[in-house]
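As a plain string of letters, each chain reads:
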Amino acid sequence: MKFSRYGCFGCFDEERVALLELKASFCSTDCSSFPAWEDEESDCCGWERVECSNTTGRVLKLFLNNTRESSQEEYSWLNSSLFVPFMELQLLNLSTNMLNLGDDDDGLERVFKLNNLELLDFSNNSLDNSILTSLTELSSLKSLSLGSNTLEGSIQELAALHNLEELDLSNNLLDSFITTKGLKNLTKLKVLNLKTNSFNISALKSLGILSSLKELYLGSNKLEGSVTLKEMNNLRNLEVLDLSSNNLSSSILQIVELMTSLKALSLRSNGINGSQPVVQGFCKLKNLQELDLSDNGFEGSIPPCLGNLTSLRALDVSKNRFSGNLDSSLFAGLLSLEFLSLSHNFFQTFPPISSFANHSKLEVLDLTCGNNTLLLENEEQSWVPSFQLKVFRLSSCRLKTMSIPSFLYHQYDLRVVDLSDSNLKGDFPSWLMKNNTRLEELNLKNNSLMGYFHLPNRPNIFTSAIDISNNHLHGQLPSNISVSLPNIMFLNMSWNSFGGSIPSSFGGMRNLLFLDLSNNSITGGIPDDLAMGCPSLEILILSKNGLRGQIFPRVPNLPSLTHFLLDGNHFSGKIPDLSNSSGLERLDLSRNSISGKLPGWIGNMTNLEALVMPNNHLEGSIPVDFCFLDALQLLDLSNNNLSGSLPSCFSPYSLIHVHLQGNHLTGPLTKAFTKSMDLATLDLRNNNLSGNVPDWISMLSGLSILLLKENHFQGKIPSQLCQLSKITILDLSHNNLSGHIPSCLNKIRFRIGFRSGKYSMITYFQPPTQFSSYLYHSQYIELSSQVNLNSYPIADDKALAEFTTKNRTDIYKGNFLYSMTGIDLSSNKLTGTIPPEIGDLSLVRALNLSHNSLTGPIPAAMSGLKNIESLDLSYNNLTGAIPGELTELTSLAVFSVAYNNLSGRIPDMRAQFGTFLENSYAGNPHLCGSLLKKNCSRAGEEEEEADEGGEKGWTERGTFFVSFGAAYVGVFLGVAAVLYINGDWREKWFHFVDVSFKSCCWFVMHLARKLSC
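Scope of this entry: the structure provided in the associated data block.

Parameters and conventions
- Numbers given to residues run from 1 along each chain, matching the order in which its sequence is written.
- For this predicted model, a pLDDT threshold of at least 70 governs which residues receive local features, and a threshold of 80 or more governs which side-chain atom pairs are given and counted, while totals over whole chains, interfaces and linings are taken from all residues.
- As a rule here, side-chain values cover all heavy atoms of the structure and leave hydrogens and water aside.
- A run of H or I in DSSP counts as a helix once it spans at least four residues, and a run of E counts as a strand once it spans at least two, with each numbered from the N terminus.
- A 1.4 Å probe rolled over the protein chains alone gives each residue an accessible area, and that area as a share of the maximum for its type sets the label: buried under 20%, exposed over 50%, partly exposed in between.
- Whether two residues are in contact is decided by their heavy atoms: any pair within 4.5 Å suffices.
- Here the Shrake-Rupley method, with its probe set to 1.4 Å, supplies the accessible areas, and only the displayed protein chains count as covering residues.
- One less than the number of residues in a helix, times 1.5 Å, gives the span that helix is expected to have.
- A pair of strands is labelled paired if DSSP reports no fewer than 2 bridges between them.
- Each reported salt bridge corresponds to a side-chain nitrogen of Lys or Arg within 4 Å of a carboxyl oxygen of Asp or Glu.
- Each patch groups residues whose relative accessible area exceeds 30% and which form no salt bridge, using 9 Å between like charges and 5 Å between nonpolar side chains of Val, Leu, Ile, Met, Phe, Trp and Tyr.
- Note that His is not counted, nor are the chain ends; the positive residues are Lys and Arg, and the negative ones are Asp and Glu.
- For this purpose, a charge sits on NZ of Lys, CZ of Arg, CG of Asp or CD of Glu.
- In protein, a polar contact requires one atom able to donate a hydrogen and another able to accept it; more generally it is a pair of N or O atoms within 3.5 Å, and residues adjacent in sequence count only if both atoms are side-chain atoms.
- Any two rings among Phe, Tyr and Trp, with Trp reduced to its six-membered ring, count as a pair given centres within 6.5 Å; such a pair is stacked if its planes are under 30 degrees apart, edge-to-face if over 60, and tilted if neither.
- In our convention, an over-ring charge means Lys NZ or Arg CZ found within 6 Å of a ring centre and within 35 degrees of that ring's normal.

## Quick look at the overall build of the protein
Point 1. On a plain count of helices and strands, the protein comes out with 15 helices and 68 strands.
Point 2. The 1013 residues of the protein split such that 52% are buried.
Point 3. Considering only contacts within the protein whose residues lie at least 6 apart along the sequence, 58% involve residues at least 24 apart.
Point 4. Accessible area of the protein: about 44000 Å², with a carbon and sulfur share of 50%.

Structure follows, in structure tokens:
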């Protein structure tokens, strides 16, 4: 017998020493997990985490879970020899300690010979398969937990634990279970947890031999296909069966309905289909307390017989295709209900909530419609519910009363309320927050609520999330907001009519993560308190208000800021210094009056994904520091006054959209963008860029939109453009390009909607945790519907392109861009003929080759442009006839061949060509047709006459010149002969010539003298 200073059954010295050594191995200096483990002579049986025997004084239970200091190395070795002195140890909990066994094989052999150990918990560590062999020595073990470790492959060794009753192997990488022979040794096994591994259907079939099994958890594995009744027959005594998140067929339902002992069943997320006759099988399970059928394909009406399962405490049929009218009689007998989720189905009507008036245990009621078709009947005038809900969701429903359900006036313990998207009218329900002091989440977005946003005078310390966006609320922002909501984390007040300035009290919300005040009428500036007093703020959205002045007069203290959106205001001054916000991912200052140069500190924002600053007054060049923005996906600096050349090193790997149009950028395109292989949009329109279109453009294999309009590019169109197989819009117009049109353009498929229109970047705010700490505690299975980690969209950066077609310039975005394809080579100096291969571009909707110097005929092959809507060949030197085959272009809406040298009859006025006017053919004098009021037959005769007359004319003109010459010579000789014979006439002729000569000389001299004066 052991005697100590505490009597016969005090703390054993060797166990006390071992405990202190354990403490030292788990933590070094300040050890908050073992506050009382200090005195080397005190009774260790009185220490927390230790339980001793009342008879022997020996340590029986050690709760050493979650004791290792977070400051210690990530994974620590387990010194198993320290447990050897605990000879009567029955329970050992070492979970959540980042443990690894290491190479201490001797210590392992000794600790795993603790003959009295019945419960061992090693869950949530870093143990691998090397532990399995040593565990075989623990013959007395009844409960073993190895969940959330790094076990993989098979676990055959555990078959030796023949006394095992509970086994947890969840959250590992296992894909093979114990063989049938080994399973025969586990005759006492009652609880088996294999969730979140990689087991296939064969594992489920092999478990049929475990007739003693009461609880089986196989959720989140790779179970696929069907099983037979024979294989599962021995499991008919199961009380809990979790097969969630697999891919089982509906045949499992025929087996489950025979398991009449079931108390809990989860078939969530299996994709099982079935109508009322199939679902009716669940009515046989009279002992069911928890039933989760969510996220499947069940359809039709819910069978009324489910109302006979009077033991049901939790029922989740959300995210299916159930329909029909729900009758109040279905739930009348389910008075034990605590959790009910009917959300995201297709019910036409739902009984009044007063149907649940006698369900006194009801805590969670989720009626989220999702499809906006659920109709709530008019409620009775007055009724007082017997329940006190914790969670109430009635989102996306159409309420006949269009008002907040009246029963909520009698609720005082609500934690989560979601009445969003339900077209509610009336004043803001400030009484909800006043009556429910433990309210954590309030979602009233997308309704028609009016009035003021009044907050209770006393602090709501539990409130963490409020969304009242997209209503008709007005007035000023609450000045006492930080007092009323001291622990608020999420606040969305956007899309209302709030006015006034932002109160300085916003700076007192130190836990605030998300603040959206956009799309209101807020004026003034950003208060210093907000800039300096919200260290946790990640998302700040103040877009589309009337804010003005300098953004931040001094450097703000927003170290957690990731998204900063101020677009659509009247801010002026320079870009604020946000260098303290090193995790910045999005900066949007667009449509303000920001001036000055782009600061170099932006280049240090290595997480920056979107830099959006169009429509400001920025000047100077793009800093070389931008070359370090490796995470950048969107760059929009369009419509500013930027100058200089693009840094040749600027080529982020992640870049998708670039908008630099409307600036004064100069120089050639050097090596910028050459490494941006995912680039989808490159818009450099309206700049002063020069040089050739670079050959390396072919390296941008993902390019979909290339806009180089209105620059000074010259030289030939590089054939490398033909390698851009994903191009949908190509605009090289209004440059100085010369040479021929590359015939290889037909290699570009111009696939409609391939990448441009549907390529968008939607940015979400994902809360790190649930805003609500409330969680309904089901006894057996985890219910997914209560986990409501919403993602809140912050920005949607859809691809866009400004493109001219059909004689107008439009901005294409979203679905319009999705279906748009086009080529614009107009207003250049292109020569040569139109390559016939252009006709292969059957998916192009717009083609503009106007204002060039193209020659030759219009290729008949252009009739292959089957989807063309706009075709402009005007202002060239094209000759010949217009091919009649073009009338086959049935989608053509705009057509122009004006101001060429075309001749002959215009195409027949049928189909689309019957809609074109005379101006489509203007400036071609040799074209004819009824539209041009020029008879083609007469025009043909005149043309023939002109041809014949031409030959005849040459003969007549020759005769004329010969006869005229002969006559002139004859007259000249006749005058000369008369003057020679008659002297008097000769004298008078020469006198006349002399007088005329002198008069001309006198006139010239007089004129010269007058001009010199």
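Right, picking up where we left off after that structure.
## Here's the deal with helix α1 (residues 13-26)
Point 1. Spanning 14 residues, α1 covers 20 Å between terminal C-alpha atoms, matching the ideal 20 Å at 1.5 Å per step.
Point 2. Within the sequence span of α1, burial applies to E15, R16, A18, L19, L20, L22, K23 and F26.

## Details of unusual backbone geometry
Point 1. At N423, a residue that is not glycine, the phi angle is positive and equals roughly 55°.
Point 2. Structurally, N423 can be placed in the loop between β28 (416-418) and β29 (425-427).
Point 3. Even without being a glycine, N470 presents a positive backbone phi close to 60°.
Point 4. By secondary structure assignment, the location of N470 is in the loop between β32 (465-467) and β33 (472-476).
Point 5. Among the residues examined, N470 registers a relative accessible area of 36% and is labelled partly exposed.

## A look at the sheet that holds strand β55 (residues 736-739)
Strands belonging to one sheet form pairs held by backbone hydrogen bonds; the direction of such a pair is parallel or antiparallel.
Point 1. Ordered in space as β37-β39-β41-β43-β45-β47-β49-β51-β53-β55-β61, the 11 strands form an open sheet in which the pairing is parallel. Among the strands making up the open sheet, the edge pair consists of β37 (523-524) and β61 (829-830).
Point 2. Sheet topology note: the strand β49 (residues 664-667)/strand β51 (residues 688-692) ladder contains 2 bridges and is parallel. The residue bridging G667 from the neighbouring strand is L689, located in β51.

## Remarks on the pattern of salt bridges
Point 1. One pass over the structure, following the stated rule, counts 23 salt bridges.
Point 2. One salt bridge connects R16 with D13, and the closest N-O pair in it is separated by 2.9 Å. Separated by 3 residues within a single helix, R16 and D13 lie in helix α1, roughly one turn from each other.
Point 3. The exposure class assigned to R16 is buried, which follows from its relative accessible area of 7%.
Point 4. As a salt-bridge pair, D796 and K798 come within 2.4 Å of each other at their nearest N and O atoms.
Point 5. Given a relative accessible area of 34%, K798 falls into the partly exposed group.

## Here we look at the pairing of strand β67 (residues 901-905)
Point 1. With 2 bridges connecting them, strand β65 (residues 877-880) and β67 associate as parallel partners. Its bridge partner being in β67, T879 is matched across the sheet by N901.
Point 2. Here β67 runs beside strand β68 (residues 926-928); their pairing, made up of 3 bridges, is parallel. Note that in β68 the partner of G904 across the bridge is L927.

## With respect to a positive patch on the surface
Point 1. Residues K142, K188, K190 and K214 make up a contiguous surface patch of positive charge.
Point 2. Mapped onto the secondary structure, K214 falls in the loop between α5 (201-206) and β12 (215-217).

## Describing the side chain of S206
Point 1. Relative to the helices and strands, S206 is located in helix α5.
Point 2. Within polar-contact distance, the side chain of S206 engages the backbone oxygen of A203 at 2.8 Å.

## Description of the environment of S482
Point 1. Structurally, S482 can be placed in helix α11 (residues 481-484).
Point 2. Residue S482 is classed as buried on the basis of its relative accessible area of 17%.
Point 3. It is 6.0 Å that separates the C-alpha atoms of S482 and F506, two residues lying 24 residues apart in sequence.
Point 4. Each residue touching S482, except ones within four places of it in the same chain, is listed here: S505, G508 and M509.
Point 5. A distance of 3.1 Å separates a polar side-chain atom of S482 from the backbone oxygen of S505.

## Quick notes on the packing of aromatic side chains
Point 1. Scanning the entire structure with this criterion turns up 27 aromatic pairs.
Point 2. For the pair F387 and F407, a centre-to-centre distance of 5.9 Å together with 70° between the ring planes defines the contact as edge-to-face. With F387 in the loop between β25 (375-376) and β26 (391-393) and F407 in the loop between β27 (398-399) and β28, this pair connects stretches of sequence that are 20 residues apart.
Point 3. Look at F387 and you get buried, because its relative accessible area is 0%.
Point 4. The class for F407 is buried, based on a relative accessible area of 0%.
Point 5. Between F490 and Y792 the ring centres are 4.2 Å apart and the planes differ by 35°, which places this aromatic pair in the tilted class. With F490 in strand β34 (residues 490-492) and Y792 in strand β57 (residues 792-798), this pair connects stretches of sequence that are 302 residues apart.
Point 6. Each residue in the set F490, F514, F765, F771 and Y792 is aromatic and connected to the rest through ring pairs, giving one cluster.
Point 7. Geometry around F12 places R58 over its ring, the cationic atom sitting 4.0 Å from the centre.

The values are spatial; any link to function lies outside them.
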